[in-house]
Amino acid sequence: MSKRALYLGIATLSIVACVPVGKESGAIQSGSPSSPALDVTVFDNAQIYTEDDANPLAEAVVVGDGKFLFVGSSEQALDFAGDSADVRDLEGQFVLPGLVDAHTHPGLIALNGPGEGDDGDVMTMPRDMDRQETLDWLKEYSQSDDLPDIIRLGEWDVEAFFPDGPNRYELDEIFPDRPVLLSDNSGHTRWLNSAAIDMYGVTSETPDVSPGISYFVRDENGEPTGWVKEFALMPYMDSSMISPRDELKANMTTFLDFLSSRGVTTLFDAGNFIWDDEIYAVVSELAHSHRLPLNYEGSYHIWNPNELDAAVSEVRRLRDEYAFGRFTINTVKVHYDGVHEVATAAEVEPYAIPSLGSGGKLFSTERLVKLMVELDAENIDLHLHTVGSDATKSVLDAVELATSELGRPLNIEVTIAHVEYVSPPDIERAADLGVNVDFTPHWFGGSVFGGAGAALLGPERAKQNMVVGQFVDAGANVTLSSDVVSWWEYPRADPFIGIEMAVTRREYTPGDHPFKDPESAKMERDAAIKAYTVNSAKQFGKEDSIGTIQVGKDADFVVLKDDPYQIDISQMDQMRVDSVYLDGELVYSED
């Protein structure tokens, strides 16, 4: 058992040992079945995919005290449970372990969701407009009778404004007085007019958060042009900008209930920037009132290098103040680089437009080694946003250096997320070093962020984008996740959409969508399902308690009306969920 599991107090029940029995495994039960000394429920007459390679299939499980007590044949399960057991006939339906969303943002969903009387952050600007079309549309919009005091819109196509980006003076001609903040289609830059720049007090003397990642693009005189990359505005925001707590709670509940209805029983919150306390107070309230329909793993989010020294103390503080029951906090999330779409992801070679450089990293490899050693001493896991090849290389270098410094492998889980372009040798290296590799499959169709990333990478690198199948073939522990941040996109957090797109590499929505190269990047169906179950359990260091249906593990499972291994893969997004159980308790039912 890992130290992480010991820390969380996970232990198996001291009952009669029962080896899981699968229809194809031929495994023999240890000891004679006998009724356990507690109330139990038998879930019988099912087709159970345990994701336990030793015993992959079963007909029944016995659940008691939140754990799987027996996994095997119907006859043996009923004999084990005894005549007084509650027996539930699943009528031949399919059962999987509870699914895991290994990187998502419930807090940002709650922040961006609807307030009283509105529909949330629904996209307003038409997509795929060129520069002049965008300006023409904004001119027409400016004639509206009910313009808000501060205009916030999205999404403009960042590729249409290459290489220099948008300019505040173009906006000033349309909106001379009202502050305007326009989000691009990558979600990683803003276009501001002069009134918005003045509102934030930004001048030629304003420092950048992180050169190469989060900064104000400037003209030859050092004045901000109005193009703001990544998190440069974050220091000027505060809690007064977020919705009231009751609205946050309502939005959070809507999203978590949606995930639960699609079979998710565990998630990882990959960060809330400056709003940890506001978000985690809501999650804690849901946990204390027994309203969390899933296990919620929080994190302390580092997006500014100035936050590094407080990493351990902040995890402790957040844990002490908010963690309760199904809500745990044991991870530091680092936004280590940016994204290709705006040339902030750290690449080994410069971008295809040389004037845009090669991106940047939040801090040096040497400082990352120090952080890993600090977290290892505290048994705190590390999860890093790494999009570019240089960012991934730096993390793998740091793991090697930290291992050398400690004289042993790291005792924590290190995860690199997104990994959109990676140098081929680092694929094998990630597997050899035991680094978890997390991908977001609803991006695999290539339609979410437009064509800016491919344009800046150039054709050769763009052909090797998000090569998840190559990591699987190399033996890496690959996990899949949704990484949704906005209200309009949260339905794409459905893990069955993720499974479909991991296999097809095509957009799941109706239409004749192109295949996203290369062929070697595709996943097999079973590998994709494992990425949402047993592999993700390892990412959390919780492989002793979740991820597979085995005796002694938490009774988290999803009952499906369709066979996930037989349904046409192009219909996986239509998977029908019958019910979801967490610790053996029903948390969702279609009825």
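For the structure itself, look to the data block above.
Okay, so let's go over this structure. (Residues numbered from 1 in each chain as written. Predicted model: local features only at pLDDT ≥ 70, side-chain atom pairs only at ≥ 80, totals over all residues. Heavy atoms only, no water.)

Concerning the overall build of the chain
On a plain count of helices and strands, the chain comes out with 18 helices and 23 strands. For the chain, the C-alpha radius of gyration of 25 Å lies close to 25 Å, the compact-globule estimate for 591 residues. Summarising its shape, the C-alpha atoms of the chain cover approximately 80 × 60 × 50 Å along the three principal directions. In the chain, 73% of the contacts between residues at least 6 apart in sequence involve partners at least 24 apart. (Helix = DSSP H or I, 4+ residues; strand = E, 2+ residues; numbered from the N terminus. Rg over C-alpha atoms; globule rule 2.2 N^0.38 Å. Contact = heavy atoms within 4.5 Å.)

Considering the pairing of strand S18 (residues 414-418)
Counting buried positions along S18 gives five out of five residues, so the element sits mostly inside the fold. Each parallel crossover has a hand, and for strand S17 (residues 381-386) linked through helix H11 (residues 389-406) to S18 it is right-handed. Bridge analysis of S18 against strand S19 (residues 436-439) gives three bridges, and the strand direction is parallel. Looking at S19, one finds that Thr 415 is bridged to Asn 436. (Buried < 20%, exposed > 50% of the residue type's maximum accessible area, 1.4 Å probe, protein only. Right-handed = clockwise from strand over helix to strand, strands pointing away. Pairing = 2+ DSSP bridges.)

Some words on the packing of helix H10 (residues 365-378) against H11
Remark: H10 packs on H11, axes separated minimally by 8 Å, with the N-to-C direction vectors making an angle of 55°. Looking at the two axes, H10 sits oblique to H11. With respect to the hand of their crossing, H10 and H11 are arranged in right-handed fashion. Along the contact surface, H10 presents Thr 365, Leu 368, Val 369, Met 372, Val 373 and Asp 376, while H11 presents Ser 394, Val 395, Asp 397, Ala 398, Val 399, Leu 401, Ala 402, Glu 405 and Leu 406. For the contact of H10 with H11, the per-class residue count stands at 10 nonpolar, two polar and three charged. (Axes fitted to C-alpha atoms, helices over the stretch in contact; angles between N-to-C directions. Parallel < 35°, antiparallel > 145°, perpendicular 65-115°, else oblique. Left-handed = near helix turned anticlockwise from the far one by under 90°. Nonpolar A, V, L, I, M, F, W, Y, C, P; charged D, E, K, R; others polar.)

What to know about the packing of helix H7 (residues 245-261) against helix H8 (residues 276-288)
Axis separation between H7 and H8 bottoms out at 10 Å; the angle between their running directions is 65°. In this structure, H7 crosses over H8, and the sense of that crossing is right-handed. Contacts between H7 and H8 involve Arg 245, Leu 248, Lys 249, Met 252, Thr 253 and Leu 256 on the former and, on the latter, Glu 278, Ile 279, Ala 281, Val 282, Val 283, Glu 285 and Leu 286. Residues belonging to the contact of H7 with H8 are distributed by class as follows: eight nonpolar, one polar and four charged.

Comments concerning the environment of Gly 453
Structurally, Gly 453 can be placed in helix H13 (residues 452-457). On the basis of relative accessibility, which here comes to 6%, the residue Gly 453 falls in the buried class. As a C-alpha pair, Gly 453 and Val 339 span 114 residues in sequence and 7.9 Å in three-dimensional space. Beyond its immediate sequence surroundings of up to four residues, Gly 453 is in contact with His 340 and Glu 341.

Some points on the side chain of Thr 479
Mapped onto the secondary structure, Thr 479 falls in strand S20 (residues 478-480). Engagement of the side chain of Thr 479 in a polar contact is seen with the side chain of Gln 539, the distance being 2.8 Å. With sequence-adjacent residues up to four places away left out, Thr 479 is seen in contact with Ala 102, Val 437, Asp 438, Phe 439, Ala 531, Asn 535, Ser 536 and Gln 539. (Polar contact = N/O pair within 3.5 Å; in protein donor to acceptor, adjacent residues only side chain to side chain.)

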